Amino acid sequence: MAARIGQDRERKLALARSAARSIARGEFLFLDSGSTNLALAEVLPDDFDLTVATNAIDVAATVLHRQDLQLIVIGGSVHPAVGGCVDADAIMQVQRLNIDRCFIGACAVSAQGGISAVDPTDATFKRTLLSLSRVSVAMVTNEKLETRAPHRIAGAKTISQLTVEHDAPAARLALLRRAGATIMTATPPG
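**Looking at the overall build of the protein chain**
On a plain count of helices and strands, the protein chain comes out with seven helices and 12 strands. Taken over C-alpha atoms, the radius of gyration comes to 15 Å for the protein chain, in line with the 16 Å a tight globule of 190 residues would show. With the principal axes as the frame, the protein chain shows a C-alpha extent of 40 × 35 × 30 Å. A buried classification covers 53% of the 190 residues belonging to the protein chain. Taking the contacts inside the protein chain whose residues are at least 6 apart along the sequence as the reference set, 63% of them involve residues at least 24 apart. For the protein chain, the computed accessible surface area is about 8300 Å², with 51% contributed by carbon and sulfur atoms.

In structure tokens form, the structure reads like this:
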């Protein structure tokens, strides 16, 4: 996680700004672990009466500095590669929530393999999040499109919205659309 935070920062902020436009006033959000979700924490709308829950240490620290956001931290053992808590304790805590909009981290996204994760425990946590969320959003950088990771989270059409970069390859997006994905294209960085 620490290594990914600074990579492609402007591109991740562009994805985050575009995805943030879908947030409604008063929503209960869940920001899953991930460097793009960390960027989202930085650009959440001001004075929207939002409650933000997260399992990610870096996301929690960012949200904590905002006086207009209510923060709920999901705890447990911190998984160093994930950058957050995804163990059984974290899953039990999440199961008590009614989430309006979940921003789920994705390691890989493809038409055939859907959304997947590298770590099996992380994948289980993300499946739980999806089952408890009214709306789900995944922000996907270009290098994750049409790639696969070992642990399937959900089919591409299961996610309410995939937010992709402004220059995402058209052929890859066409495959995802044929698989039933709803895609929103981000505005260019800058």
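Here the narrative resumes.
**Focus on the sheet that holds strand β1 (residues 28-31)**
Read from one edge of the open sheet, seven strands run β3-β2-β1-β6-β9-β11-β12, paired in parallel fashion. For this open sheet the edge positions go to β3 (69-73) and β12 (183-185), each flanked by a neighbour on one side alone. Looking at each pair of strands side by side, their axes are set apart by 25° on average, direction ignored. The pairing of strand β2 (residues 50-54) with β3 spans five bridges and is classified as parallel. For T51, the partnering residue across the bridge sits in β3 and is Q70. Relative to the sheet, helix α6 (residues 120-132) contacts β1, β6 (99-103) and β9 (133-140), its axis offset from that of β9 by approximately 130°.

**What about the pattern of salt bridges?**
It is possible for side chains of opposite charge to pair when their charged atoms get near one another. According to the stated counting rule, one finds 10 salt bridges in the structure shown. For R66, the salt bridge goes to D46, with nearest N and O atoms at 3.2 Å. Within this pair, whereas R66 is found in the loop between α4 (57-64) and β3, its partner D46 is found in the loop between α3 (35-43) and β2, the two being separated by 20 residues in sequence. Here R66 falls in the buried class, since its relative accessible area comes to 16%. Judged by relative accessible area, which is 54%, D46 ranks as exposed. Salt bridges sharing partners connect three or more residues here, namely E27, D100, R101 and R134.

**Considerations on the pairing of strand β11 (residues 161-164)**
Neither face of β11 is exposed, since Q161 and T163 on one face and L162 and V164 on the opposite face are all buried. One ladder, built from four bridges, connects β9 with β11; its direction is parallel. Along β11, the bridge assignment pairs V140 with V164. Relative to β12, β11 runs parallel, the two sharing three bridges. Counted as the bridge partner of L162 is I183 from β12.

**So, the packing of α3 against α4**
For the pair α3 and α4, the least separation of the axes is 9 Å and the interaxial angle reads 5°. Taken as axis vectors, α3 and α4 run roughly parallel relative to one another. On α4, the residues touching N37, L38, A41 and E42 of α3 are D58, V59, T62 and V63.

**Thoughts on unusual backbone geometry**
Phi at D47 takes a positive value of approximately 50°, unusual for a residue other than glycine. Positionally, D47 belongs in the loop between α3 and β2. Phi at D49 takes a positive value of approximately 55°, unusual for a residue other than glycine. Note on placement: D49 falls in the loop between α3 and β2. The exposure class assigned to D49 is exposed, which follows from its relative accessible area of 60%.

**As for α3**
Of all the nine residues making up α3, seven are buried; the element is thus mostly covered by neighbouring parts of the structure. For α3, every residue scored as buried is listed here: S35, T36, N37, L38, A39, L40 and A41.

The rules behind each value
Residues numbered from 1 in each chain as written. Predicted model: local features only at pLDDT ≥ 70, side-chain atom pairs only at ≥ 80, totals over all residues. Heavy atoms only, no water. Helix = DSSP H or I, 4+ residues; strand = E, 2+ residues; numbered from the N terminus. Rg over C-alpha atoms; globule rule 2.2 N^0.38 Å. Buried < 20%, exposed > 50% of the residue type's maximum accessible area, 1.4 Å probe, protein only. Contact = heavy atoms within 4.5 Å. Areas by Shrake-Rupley, 256 points an atom, 1.4 Å probe, with all protein chains shown as cover. Pairing = 2+ DSSP bridges. Axes fitted to C-alpha atoms, helices over the stretch in contact; angles between N-to-C directions. Salt bridge = Lys/Arg side-chain N within 4 Å of Asp/Glu carboxyl O. Parallel < 35°, antiparallel > 145°, perpendicular 65-115°, else oblique.

Function-wise, these values are silent; they only describe arrangement.
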